[in-house]
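# Chains, contacts and geometry: an overview
The residues making up each chain are set out below.
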Amino acid sequence: MLTYIHLLHFAACGGRLFLKQALSHKTSAFPFTRITFVAGSSLPVRAKMAAYAAEERPSENLSKESLNPVLTDTLDNGCFSDLSDELRDYVVGFIETEVGSNVKSLKNVGSLLEKLKDDNRILEEQVLTVSSSVPPQVSAALSAAEDARSSLEELLKREKVISTKLQQHLQSSHPWMDTFGQKLSQVETVERHMKYLRCLQHIEELSAVVQQCLMTSSVWEAIRAVESMAVMDAGLSQSKCFHLRDFLRETLQFWHKIIKDRLTGDLEKVLTQLHWPIISPPIQSLTPTANGQELASQLELLVTQLLALQTSDDLISQRTSPPSKAEVQPVAFPQAPPLCLPIQTMLQPLSKRFRYHFYGNRQTNTPSKPEWYLTQVLMWIGNSTPFMEEKIQPILDRANANINARVELCRGLLSLVQEKVAGDASRLLYDDTLFCHLVEEVLQFEKELRSNHSYPAVLPGLLHLLLDDAVLQKWLTVEKKMAVEKMDAMLSAEGAWSSQYKDIRDMDELKSPDCAETFMTLLQVITDRYRELPCPSAQLKFLELQKDLVDDFRIRLTQVMKESSRCPLSPRYCAILNAVNYISTILTDWGDNVFFLQLQQAAVSLSDEAVVGGLGVMEMGRLASLESSLFEGLLALLDRLRGDMMGRLLDGIMRDITEKAKAYCQDRWFSHPSQHDLSAMSLSSSACPMMLCIRDSLLNLHQVLSLSLFQLAWQGLAERLDSFLYQEVVLSNHFSDGGAAQLQFDMTRNLFPLFGHYCKRPENFFKHVKEACIILCLNVGSAILLRDLIKESSSAEDTRDWAGRDDPSPQSALNELGVYYLAPCDVLILFNLRASWPGQ
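None of the values given here were measured: they were computed from a predicted structure.

### A short note on the overall build of the protein chain
- Secondary structure assignment for the protein chain yields 30 helices and zero strands.
- Look at the contacts in the protein chain between residues 6 or more apart in sequence, and 74% of them connect residues 24 or more apart.
- Summed over all atoms, the accessible surface of the protein chain reaches about 46900 Å², with 55% contributed by carbon and sulfur.

Structure (structure tokens):
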């Protein structure tokens, strides 16, 4: 469309006149011979065109250069002054494309013009069509908008009218609303008063029913009425009618107390006839009385009625009795329900006896004898168990009460003991001896209660009283103080470094000294004391105390070891080494113990700073996955001390052996006669002192060291002897055939058998010496071949020419001889130590 517009623009300007003139002179050979005026020019163009035509007449075609000036002049006229450069260039290009330099092509200008006119007309029609179709749609939208606006205005007017009427109606009805509100308020007040009066009436009716029932001995109806009062009291618990609530509760407590006192009194009389409480062990199993059947019926009736009264009793107890100090528990136990009324009644005579004997100024109330009241309570539990199981438990079962009579009695007696222990513990915090005695007795009581009387673990006993912050800290302090005192005593004792099982061979494998045994027994006793504590964090505190004690004992052993290190073969030094090994062994076993594994998981879950505070992420991960133990750090320190002591011990033995082996090292090995010249070979005389020293050292180590330490000791000694003999005897001398044979005889027939008592193949611990003897005793021909093979291999490796050969490698040849440890270069050194070679 842009092309058409450009051409139309061109036609509307001077170009249109130019094209018409050209088309009007089709018969002329040169259409430009007519005078054509260009806008803005006063000169005729005809003269120029005539000269041009005369010069170019032989040619039928006009060149592009001849046409361009005319086009240029045409484009420069006023018709294209308003076109942009880009559009002007497009028009010029279009003329050149359609007309070109051929003059004959000008005859197509007419048809081109007509075509452009047709295109222009079509475009105009399209524009007119579009412009004529848009206004109806716009007008329709405007009309719809106008209708909507009118409807909205009408609605706004109606809304205003209705709002005005509504405001007028509200203003007129406001007095009615106020009057009606006052009436409703009065009605609500009357209703509240009616409800209040009905509640009072109901309370009075229930009270009257209870009174009437008690007068007629209808206890069950009285209990039901009291139960209704208790339900009513629970419903009014959130009510703001304080006077009504207080009146109801006072009435409930009044009648509940009367019924409870009557039933309790009757039950006490029946229990007295049944010889309750049972203070001493019964001679026979509850001998039946003459009126036993009647007493059993009365007992069942009274127990059942008291159970029915339990709901109201629990309600009253929750509101009137705040928890005592002994009941405040630092450990979260499941909330136990209150004691049932029959058990409370049965506990009264026992409670009176307990308070009579163990409170006040009685001689039985002494802080130094907590075992008196603890033992007494255990005796009462044991003596009363048959009565509870045979008389009370069947009644509870028939009443569908989910209550264990024996456990309930234990709970009641424990409440007395808990109050007593809590008071005594707070008074004994400044007396270490009495405090320790109290803790011991409490632990023993808890153990007997759980084991002998099957008291459930989910119910609190006495141990939670020891978890009070002040009591627990005192316990830890006293535990550490007494442990340190015992450590000082056990290390300074006369038989501290001797084993108490030394005369019993089967029990003395670890050969631990008495001080180490006593120390680990001390740690085990501490573990037994805190094992049953119901709080993992408190157990971890004791574990940290044990670790501190072990580290303290290790430091003391190190100090004693340094004093004895001048004589590492002394029994005391070896006893210290045994002690370190014994403690390490026990701690390793503890690391796999279920109890300490549980503590380990608790330490990880609680992120206890005292136990895992200094550990990194990797160490924490290993602890959580049970790859390491809580004693990992202590075991590392003990292993380091054990390794240091073992090294000192072996160094001391090697010093003695080295001293005894000087003559053997300086023997004239190159001048020994051949073994063929000897009738029988025997141990070298210079080796006898060394062999005796080795034998005595092994025997001594076997006697004084534990089995595991002795295994490490003789293996370490063999390794050092192998290195010493190889360096000082083999590499420091030259050997004849006889000298090599003598060395091999000394080693294989004398030295190796000394270690043969402790392993099947002792020569495997003397690899250097054994393989050196093989090389030195090799016959001359084989030695020469092997030497040449090694040398050729070495030179071939230098030139990298060995890989293509079929000869065996030196290492395979050595392996065939039984040499696996020595390298080929070491074998060449040994060959050079042979004194007898052909040609020498």
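Once you've had a look at it, read on.
### Observations concerning unusual backbone geometry
- With an omega dihedral of 5 degrees, the bond running from tryptophan 276 to proline 277 counts as a cis peptide bond.
- Residue position: proline 277 is located in the loop between α8 (242-273) and α9 (292-308).
- In this model, serine 217 sits at a positive phi of 60 degrees, which is unusual for a non-glycine residue.
- Structurally, serine 217 can be placed in the loop between α6 (109-215) and α7 (219-235).
- Looking at serine 217, the relative accessible area reads 56%, which means it is exposed.
- Here the phi dihedral of histidine 275 falls at roughly 65 degrees; this positive angle occurs in a residue that is not glycine.

### Let's talk about the packing of α9 against helix α11 (residues 341-358)
- In the contact formed by α9 and α11, the axes pass within 8 Å of each other and the chain directions differ by 115 degrees. Seen from α9, the contacting residues are Val303, Leu306 and Leu307; seen from α11, they are Leu341, Pro342 and Thr345.
- Each residue belonging to the contact of α9 with α11 can be placed in one class, and the counts come to five nonpolar, one polar and no charged.

### Quick word on helix α16 (residues 514-530)
- The first and last C-alpha atoms of α16 sit 25 Å apart over 17 residues, in line with the 24 Å expected at 1.5 Å per residue.
- Buried residues belonging to α16 abut α14 (432-452), α15 (469-491), α17 (536-564), α18 (571-591) and α19 (594-606).

### Section: a nonpolar patch on the surface
- Together, Val190, Met194 and Leu197 make up a nonpolar patch on the protein surface, roughly 280 Å² of accessible area in all.
- Within the secondary structure layout, leucine 197 lies in helix α6.

### Details of the packing of helix α12 (residues 370-398) against helix α13 (residues 405-427)
- Put simply, α12 and α13 touch, their axes get as near as 6 Å, and they point 155 degrees apart. By the angle class used here, α12 and α13 are roughly antiparallel. Crossing geometry of α12 relative to α13 is assigned as right-handed. In this structure, α12 contributes Tyr373, Leu374, Val377, Trp380, Ile381, Ser384, Thr385, Met388, Glu389, Ile392, Gln393 and Leu396 to the contact, and α13 contributes Ala405, Arg406, Leu409, Cys410, Leu413, Val417, Lys420, Val421 and Asp424.
- Taken together, the residues that form the contact of α12 with α13 break down as 14 nonpolar, three polar and four charged.

### Brief notes about the nonpolar core
- Judged by nonpolar contacts, the single largest core of 195 residues is most densely connected at Phe519, Leu587, Leu743, Met747, Leu751 and Phe755.
- Not counting residues within four places of it along the chain, the set of residues in contact with leucine 743 comprises Tyr664, Trp669, Val729, Val730, Phe735, Cys773 and Leu776.

### Points about the packing of aromatic side chains
- Here the structure, examined in full by the defined rule, presents 22 aromatic pairs.
- Measuring from ring centre to ring centre gives 6.2 Å for tryptophan 590 and phenylalanine 631, while their planes differ by 55 degrees; the resulting arrangement is tilted. One end of the pair, tryptophan 590, is in helix α18; the other, phenylalanine 631, is in the loop between α21 (617-624) and α22 (632-660), with 41 residues separating them in the sequence.
- Aromatic rings pair up to connect Trp475, Tyr530, Phe542, Trp590, Phe595, Phe596 and Phe631 into one cluster.
- Taking NZ or CZ as reference, arginine 355 lies 5.5 Å from the ring centre of tyrosine 359, over its face.
- In this structure, lysine 420 packs its charged tip against the face of tyrosine 359, placed 4.9 Å from the ring centre.

### Re the side chain of serine 570
- You can see serine 570 is positioned in the loop between α17 and α18.
- For serine 570, a relative accessible area of 15% corresponds to the buried category.
- Looking at serine 570, its side chain comes within polar contact range of the main-chain oxygen of cysteine 567, at 2.8 Å.

### Some details on the confidence of the model for the protein chain
- Of all residues in the protein chain, 81% attain a pLDDT of 70 or more, and the chain-wide mean is 82.
- Note that residues 1-80 has pLDDT below 50 and, in this model, 89 contacts with residues that lie over four places away or in other chains.
- Throughout residues 322-330 the model reports pLDDT below 50, and contacts reaching past four residues in sequence, or to other chains, amount to ten contacts.

### Examining α19
- Over its 13 residues, α19 runs 18 Å from end to end, which matches the ideal 18 Å to within 8%, given 1.5 Å per residue.
- Among all positions in α19, only Phe595, Phe596, Leu599, Gln600, Ala602, Ala603 and Val604 are buried.
- The N-cap of α19, judged by a side-chain oxygen 2.8 Å from the amide nitrogen of phenylalanine 595 a few residues on, is asparagine 593.
- A positive backbone phi angle near 50 degrees is found at serine 607, which sits one or two residues after α19.

### Examining the environment of leucine 569
- Here leucine 569 shows up in the loop between α17 and α18.
- The class of leucine 569 is partly exposed, set by a relative accessible area of 26%.
- Residues leucine 569 and leucine 701, spaced 132 residues apart in sequence, show a C-alpha to C-alpha distance of 8.3 Å.
- Sequence-distant contacts of leucine 569, defined by excluding residues within four places in its chain, comprise Cys574, Leu649, Ile653, Asp656 and Asn700.

### Brief notes about the environment of methionine 681
- Secondary-structure assignment places methionine 681 in the loop between α23 (662-665) and α24 (688-704).
- Methionine 681 sits in the partly exposed class, given a relative accessible area of 24%.
- Residue contacts for methionine 681: discarding those within four places in its chain leaves Gln675, Ala741, Gln742 and Phe745.

### Remarks on the side chain of glutamine 539
- Following the sequence through the fold, glutamine 539 ends up in helix α17.
- Those residues in contact with glutamine 539, other than ones at most four positions away along the chain, are Tyr530, Arg531, Leu533, Phe595 and Leu599.

Quick notes on the rules
Residues numbered from 1 in each chain as written. Predicted model: local features only at pLDDT ≥ 70, side-chain atom pairs only at ≥ 80, totals over all residues. Heavy atoms only, no water. Helix = DSSP H or I, 4+ residues; strand = E, 2+ residues; numbered from the N terminus. Contact = heavy atoms within 4.5 Å. Areas by Shrake-Rupley, 256 points an atom, 1.4 Å probe, with all protein chains shown as cover. Buried < 20%, exposed > 50% of the residue type's maximum accessible area, 1.4 Å probe, protein only. Axes fitted to C-alpha atoms, helices over the stretch in contact; angles between N-to-C directions. Nonpolar A, V, L, I, M, F, W, Y, C, P; charged D, E, K, R; others polar. Expected span 1.5 Å × (residues − 1). Patch = residues over 30% accessible without salt bridge, like charges linked within 9 Å, V, L, I, M, F, W, Y side chains within 5 Å. Salt bridge = Lys/Arg side-chain N within 4 Å of Asp/Glu carboxyl O. Parallel < 35°, antiparallel > 145°, perpendicular 65-115°, else oblique. Left-handed = near helix turned anticlockwise from the far one by under 90°. Core = buried A, V, L, I, M, F, W, Y, C linked by side-chain atoms within 4.5 Å. Phe/Tyr/Trp six-rings, centres within 6.5 Å; stacked < 30°, edge-to-face > 60°. Lys NZ or Arg CZ within 6 Å of the ring centre and 35° of its normal. Polar contact = N/O pair within 3.5 Å; in protein donor to acceptor, adjacent residues only side chain to side chain. pLDDT = per-residue confidence, 0-100.

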